[in-house]
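Understanding the architecture of this molecule
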Amino acid sequence: MPTILITGANRGIGLALTKSYLKDGWRVLATTRSPGTTVAKGAEPLILDVTDPDSIAALKAQLCGIPIDVLWNNAGVYLDKNKPLGEIDDEDWVRTFEINTISPIRIAEALAENVAASDQKVMAFTTSKMGSLTHNGMGAYAYRSSKAALNMAVRCVEKDFSIRGISCLLLHPGHVRTDLGGSEGAIDVDTSVKGMRRVVDHVNTSNREDFSGGFFDYDGSTIPW
Ligand SMILES: NC(=O)c1ccc[n+]([C@@H]2O[C@H](COP(=O)([O-])OP(=O)(O)OC[C@H]3O[C@@H](n4cnc5c(N)ncnc54)[C@H](OP(=O)(O)O)[C@@H]3O)[C@@H](O)[C@H]2O)c1
């Protein structure tokens, strides 16, 4: 039975990913920020505040020796949604970088041995098309810059981890109807997850060069940087 670890698994896209992999018989390690938060039935709940180094270290210790086929860095925030330039708070901008950019790399670093010890050896990072310089629109300075920086950081970590056979993929989930995406989102969580899984589930150690370091839309197309 393959194993996946999903961050931010209690709601939104993370919850839908959890349910989808459970349905296919995977062992799902579902992390949530706070104790007592509910995850999908059948998943194994684990505590992880993605910005807390002690929390990351505790998770690493807890998972020592457990192979993880797919590590899915999903947790994220959009703290400057609908805020024009003059209203963006410095603290929110820094917090956005901590959660969206730095934490996924620190978690990848902490769990690299687990992924390297697995059969599939995949790390998926949920980014956003809003981090694409080519597709840049207006506003969302903190969110856009955090995801553009995540894209670069994943391109760096991909090089570090390639020697261990690990594939690192950047996935845009689409504009999805969640708390973060809003009710105006174009697609539901199930459509997003089905699409992203078509990419992620296809990757293995023999085809990693075709996918690793790529920036993919949920429909499988490549997004320009
Ligand atoms: N929805 C969209 O249209 C869309 C588009 C492009 C990209 N994305 C990306 O997709 C990912 C998931 O978004 P979503 O729409 O599912 O958002 P969501 O419904 O708001 O869920 C966000 C998840 O991230 C978790 N999280 C936030 N900060 C955390 C922290 N410090 N430690 C641990 N967990 C934390 C939340 O936990 P709590 O419940 O504890 O807050 C929650 O589980 C994000 O990376 C987002 O940027 C979404």
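Residues numbered from 1 in each chain as written. Predicted model: local features only at pLDDT ≥ 70, side-chain atom pairs only at ≥ 80, totals over all residues. Heavy atoms only, no water.

If you check an unreviewed UniProt entry, the protein chain appears there as SDR family oxidoreductase from Pontibacterium sinense.

Here we come to the layout of surface pockets. Leftover empty space is mapped by rolling, across the atoms, a probe with the size of a water molecule. A volume near 980 Å³ is recorded for the largest pocket. Gly76, Val77, Tyr78, Thr178 and Leu180 are, among the 42 residues lining the largest pocket, the residues nearest its centre. Of all the secondary-structure elements, those providing two or more residues to the lining of the largest pocket are helix H1 (12–23), strand E2 (27–32), helix H3 (90–116) and helix H4 (141–162). Within the lining of the largest pocket, the residues separate by chemical class into 12 nonpolar, 20 polar and 10 charged. Considering the residues around the second largest pocket, the lining is formed by Gly12, Leu15, Ala16, Lys19, Ser20, Lys23, Asp24, Val189, Asp190 and Val193. Mapped onto the lining of the second largest pocket, the elements with two or more residues apiece are H1 and helix H5 (189–200). Sort the elements by how many residues they give to the lining of the second largest pocket and H1 lands first, with six residues. (1 Å grid on protein atoms, 1.4 Å probe; cavity = no way out; pocket = protein on both sides within 12 Å on 5 of 7 lines; lining within 4 Å. Points joined across faces, edges and corners; volume = space filled by probe spheres on them. Helix = DSSP H or I, 4+ residues; strand = E, 2+ residues; numbered from the N terminus. Nonpolar A, V, L, I, M, F, W, Y, C, P; charged D, E, K, R; others polar.)

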